[in-house]
Amino acid sequence: MINGLVKSPRVFTMDDLMRLPSISRIHFIECGANTGLEWGNVAVPTVQYTHGMLSCCEYTGVRLSLLLDMCGIDLKKAKFILAEGGDGSGMTRTIGIDNALHDAIVAWGMNGEMLRPENGYPLRLVVPGVQGVSWVKWLRRIEVGDAPYATKDEAVHYIDLMPNGLHRQYTSIQECKSVITTPSGGQQLLSKGFYNVSGLAWSGRGRIKQVDVSFDGGRSWKTARLESPVLSKALTRFNIDWIWDGSETIFQSRAIDETGYVQPSIRMLREVRGTRSIYHNNAIQSWRVEVNGEVQNVQIG
Ligand SMILES: Nc1nc2c(c(=O)[nH]1)N[C@H]1C(S)=C(S)[C@@H](COP(=O)(O)O)O[C@H]1N2
Ligand SMILES: [Mo]
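Participant: Help me out: how do you make sense of the sheet that holds strand β16 (residues 225-226) in this one?
Facilitator: Picture the strands of a sheet paired through backbone hydrogen bonds; they go either parallel or antiparallel. As summarised here, the arrangement of the four strands in space is β12-β13-β17-β16, forming an open sheet in which the pairing is antiparallel. Here the strands that pair on one side only, and so sit at the sheet edges, are β12 (177-182) and β16.

Participant: Help me out: how do you make sense of the packing of aromatic side chains in this one?
Facilitator: How two aromatic rings sit relative to each other is set out by the distance from centre to centre and by the angle between their planes. One pass over the full model with this rule turns up seven aromatic pairs. Arranged with centres 6.0 Å apart and planes meeting at 45 degrees, the rings of Tyr195 and Trp242 form a pair that is tilted. Of the two residues, Tyr195 sits in strand β13 (residues 193-202) while Trp242 sits in strand β17 (residues 236-244), which places them 47 residues apart along the sequence. A centroid spacing of 6.4 Å and a plane angle of 45 degrees characterise the contact between Phe215 and Phe251, whose relative ring orientation is tilted. Taken together, the residues Phe215 in the loop between β14 (208-214) and β15 (222-223) and Phe251 in strand β18 (residues 249-257) connect sequence positions 36 residues apart.

Participant: For this particular structure, what's the right way to read the environment of Ser277?
Facilitator: Position of Ser277 relative to the elements: it lies in the loop between α6 (266-273) and β19 (286-289). Given a relative accessible area of 6%, Ser277 falls into the buried group. Residues Ser277 and Glu38, 239 residues apart in the sequence, show an inter-C-alpha distance of 9.5 Å. A distance of 3.4 Å separates the side chain of Ser277 from the backbone oxygen of Leu161, its partner in a polar contact. Within the structure, the side chain of Ser277 is placed 3.1 Å from the side chain of Arg273, a separation counted as a polar contact.

Each value, and the rule that gives it
Residues numbered from 1 in each chain as written. Chains lettered and ligands numbered in written order. Predicted model: local features only at pLDDT ≥ 70, side-chain atom pairs only at ≥ 80, totals over all residues. Heavy atoms only, no water. Pairing = 2+ DSSP bridges. Helix = DSSP H or I, 4+ residues; strand = E, 2+ residues; numbered from the N terminus. Phe/Tyr/Trp six-rings, centres within 6.5 Å; stacked < 30°, edge-to-face > 60°. Buried < 20%, exposed > 50% of the residue type's maximum accessible area, 1.4 Å probe, protein only. Polar contact = N/O pair within 3.5 Å; in protein donor to acceptor, adjacent residues only side chain to side chain.

So, to be careful, I would describe these as geometric facts and stop short of saying anything about function.
Dropping the structure here:
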């Protein structure tokens, strides 16, 4: 169902939607709470806990802009949409009209099959680059409006407590971020010598341009190899050669996206955001290799 600031509100059946021209796109989805436990201090041991609320899949469906056009959206007045899920809580999110018209997809397929129940069967909204909560699953209604809806879900969840005590709402975009996945916290290097250091980088604003890796806690940086394809708003794999000499080492990755934005250190992020946030932590991750080869999650100034 699409209603609100449209000339002809309309109910689309799944048959209607699947007869329309479809597109397939590969995009990452990251929960705004990913890395959220680490704002104050190191909290969890492995990359699954620090960065695991993340995936990258191929989604198939209809452009939201096509559906809005078919309903005769009032482009002069429309500034936001509200997407509503069919789950028990009827989860809702306000999404800016630019995202809605640019690359949002009303998706029914994922990785070449129908969406799975847990991922929103039969329909979910895909909003590339935007935090996961806006990718409303079990999508049942879209309303077009001229102001943010300030629903229960967006008034208390995925808001950022700033140092001045005020909450920032509607943060939306997942900023450029990266993490080394191998080796990473909880893993064990067995001997000195060659390692292929590998990780993932992504940006809600477009393509990854460059990933630098430091093996000395951020004093010096080397540029990693980006594996193709490098797609917009998708996970990009990077690799770099490393020879471990057996000494204690802190290694980090720092991603830069096509807008020129550079992933910040946790210190820089805290200067702007304070330490009382939960969501939207895209800080550089540090892993320390001990002389015995154990890899640990650490934070450095
Ligand atoms: N209807 C509905 N959609 C939802 C949610 C929900 O609780 N209800 N959770 C959101 C959140 S917070 C995230 S991070 C993503 C997770 O998507 P996934 O389960 O496909 O990984 O779905 C989003 N869509
Ligand atoms: Mo989430």
